[in-house]
Amino acid sequence: MAGALDGLLVLDLSRILAGPTATQLLGDLGATVIKIENPKTGGDDTRSWGPPYAPTPDGNSDLSAYFMAANRNKYSVAADLSTQAGQALVRSIAAEADVVIENYKPDGLVKYGLDHATICAQRPELVYCSISGFGQTGPERNRAGYDLMAQGFGGIMSLTGDPDGPPMKVGVGVADVMCGMYATIGILAALRHRDATGEGQHIDLALVDSQMAWLINEGTNYLASGQEPVRRGNAHPNIVPYDVFATQDGHIILAVGNDTQFRAFCQAIGRSDLAESPDFATNPDRIANRAALTAAITETLAMRDTAEILELLQNAGVPAGPIHTVGQALGSAQAQTRGAVVQVPHPQTDSGSVQLLGNPLKFSKTPVEIRRPPPRFGADTESLAQVLAGLRR
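What you see is a predicted model, and the numbers here were worked out from it, not measured in a lab.

Look at helix α6 (residues 174-197): 34 Å from first C-alpha to last across 24 residues, which is about the 34 Å you get at 1.5 Å a residue. When α6 is considered as a whole, its buried residues turn out to be Val174, Ala175, Asp176, Cys179, Gly180, Ala183, Thr184, Ile187, Ala190, Leu191 and Arg194. Where α6 is buried, its residues touch α1 (18-28), β4 (99-102), β5 (127-132), α5 (147-153), β6 (201-206) and α7 (207-213). Glycine 198 sits one or two residues past α6 and shows a positive phi near 80 degrees.

In C-alpha cells form, the structure reads like this:
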C-alpha cells in the first residue's frame, strides 16, 4: 500500500538530529529520501556517536544506536560538497526533488551554489527548508546550534530539575526533535501551497525559535504575570496536586486535573478531611496552599505500597501511574500492542535485523511502513540512478 507521501522526493543535506528527524518522518510517510553524506568524515556525525552499535560482518559498524534513531527509510549517497563532482551530483538530485532540507550554518552552502537562493531560483516550485541554531537573521545567526545550547538559550533548562539543584536539560535531545517536528509540519504546509499554486518557498527554522515556542504555558505564564517561572521538579505551575510522590516501596505519578478528581482522590486515600478543607477546595486554593497540601499527601502516600495506591486511584477514576524505566516502558503490553518497538530486517548486520522505535502515527488508509533500515554509509551511491529512474515511472 502506498504511503501518504508516495512519489515525493526529498534531498536530505542534514545531519545530527533535527533535520534527520524531519526527513525520517517524511520517509515513514512514504517519501523517497536521499541522504547526502560527506566521505571525508565518514558520513553523518552520529554514525560515530556510540557505543552501542549494531554489529556488522565487517567488524567496522557505522550503525550507532543514535544514528539508527533518526535515519531509517533513507538512501545514503556519498558526496563531497567541496568538489565540483559532489556539487554536480547534489544539483542533479535537487533538479528532481520536491523538498530540500539542510542544517548548515546560515550562508554555509553559498560557496557551493547549493543555498536556497540559488537552488530556488532554478526551481521556483521547490520547497527548501533551512534549519540552524539561531535562524537566518538576528544577532546570533552565526552561532553554532546544538540541542543543549538551544535548551539553555531558549529557557527550558531554567525550568527543569530540582528546585534546589542546578539548571537541567531534558533527558533526550527534545529541542532537536521538536524542531524536526516543526520542520515536518512546515514542509507539508508548503507542499500543500505548492500543489495549489505551483509556487515553492523557503522555510527558515531555528532550534532556539522552536524551543521557545514550546515553552507553552510557562512562557505565557511569564508573559501574563511578568514573574520568572522557577524550577519545581516534577510539580506543575498551574495544577496541584500534579507531581511525583514517594510510596513505601517506590514512586507514583499523581495528576489531579480538576476539583472532582481531587475529591475522589482524597476519598480513595482516606483523607476526606483534605477535600473538606476550604484551603484546598478549588485549584487556585490548592496552588495558594501548595506546600501544606503536598506535605499532607506525601505523609499519607509514604505509608502505602505502590501497587495498592495505584489500584485504589484507578478504581476511583483518579489519573495516576507508575514511573517506568525505558526497558519497562518499551517492554510493556501497551507498547507491544501499539507497535512501539519494531524489528526491521537489515542484511548488513550480524543478526540480520535491528530493533527500532516505531512511528506513533496510526493511519486507516495510508499506514506507516518501514521500507528500508538505517543505511550503511554510502550504500546507495552506485544505485542512485536507478532510484531516481524508479521515481520517474
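Sheet strands associate in pairs through backbone hydrogen bonding, adopting either a parallel or an antiparallel arrangement. As summarised here, the arrangement of the 3 strands in space is β7-β8-β9, forming an open sheet in which the pairing is antiparallel. Either end of the sheet is taken by a strand with one partner, and the two such strands are β7 (242-246) and β9 (320-321). Direction of pairing for strand β8 (residues 251-255) relative to β9: antiparallel, over a ladder of 2 bridges. Across the sheet, leucine 254 pairs through a bridge with alanine 320, a residue of β9.

Using the criterion set out here, one finds 0 disulfides in the structure. Between cysteine 179, a cysteine without a disulfide, and cysteine 129, which holds the nearest cysteine sulfur, the sulfur-to-sulfur distance is 7.7 Å. Take cysteine 179: its relative accessible area is 0%, and that puts it in the buried class.

Turning our attention to the sheet that holds strand β2 (residues 32-37). On the basis of which strands lie adjacent, the open sheet formed by 6 strands has the order β3-β2-β1-β4-β5-β6 and parallel pairing. Either end of the sheet is taken by a strand with one partner, and the two such strands are β3 (75-78) and β6. Taking the axes of each pair of neighbouring strands and ignoring which way they run, one obtains an average angle of 20 degrees across the sheet. The pairing of strand β1 (residues 9-13) with β2 spans 4 bridges and is parallel. Within β2, the position partnered with leucine 9 by the bridge is threonine 32. Relative to the sheet, helix α3 (residues 84-94) contacts β1, β2 and β3, its axis offset from that of β1 by approximately 150 degrees.

Omega for the peptide link from glycine 50 to proline 51 comes to 5 degrees, which places this bond in the cis form. In this structure, proline 51 sits in the loop between β2 and α2 (65-68). For the peptide bond that leads from proline 51 to proline 52, omega is 5 degrees, which places it in the cis range. Look at isoleucine 16: it is not a glycine, yet its phi comes out positive at around 75 degrees. Here isoleucine 16 lies in the loop between β1 and α1. The residue aspartate 107 is not glycine, and still its phi comes out positive at about 70 degrees. Locating aspartate 107 in the fold gives a position in the loop between β4 and α4 (116-122).

Membership of the largest hydrophobic core comes to 31 residues, with the highest contact counts inside it found for Val10, Ile101, Ile131 and Ile187. For this core, the elements supplying multiple residues, two or more each, are α1, β4, β5, α6, β6 and α7.

Rules of the game
Residues numbered from 1 in each chain as written. Predicted model: local features only at pLDDT ≥ 70, side-chain atom pairs only at ≥ 80, totals over all residues. Heavy atoms only, no water. Helix = DSSP H or I, 4+ residues; strand = E, 2+ residues; numbered from the N terminus. Expected span 1.5 Å × (residues − 1). Buried < 20%, exposed > 50% of the residue type's maximum accessible area, 1.4 Å probe, protein only. Contact = heavy atoms within 4.5 Å. Pairing = 2+ DSSP bridges. Disulfide = S-S within 2.5 Å. Axes fitted to C-alpha atoms, helices over the stretch in contact; angles between N-to-C directions. Core = buried A, V, L, I, M, F, W, Y, C linked by side-chain atoms within 4.5 Å.

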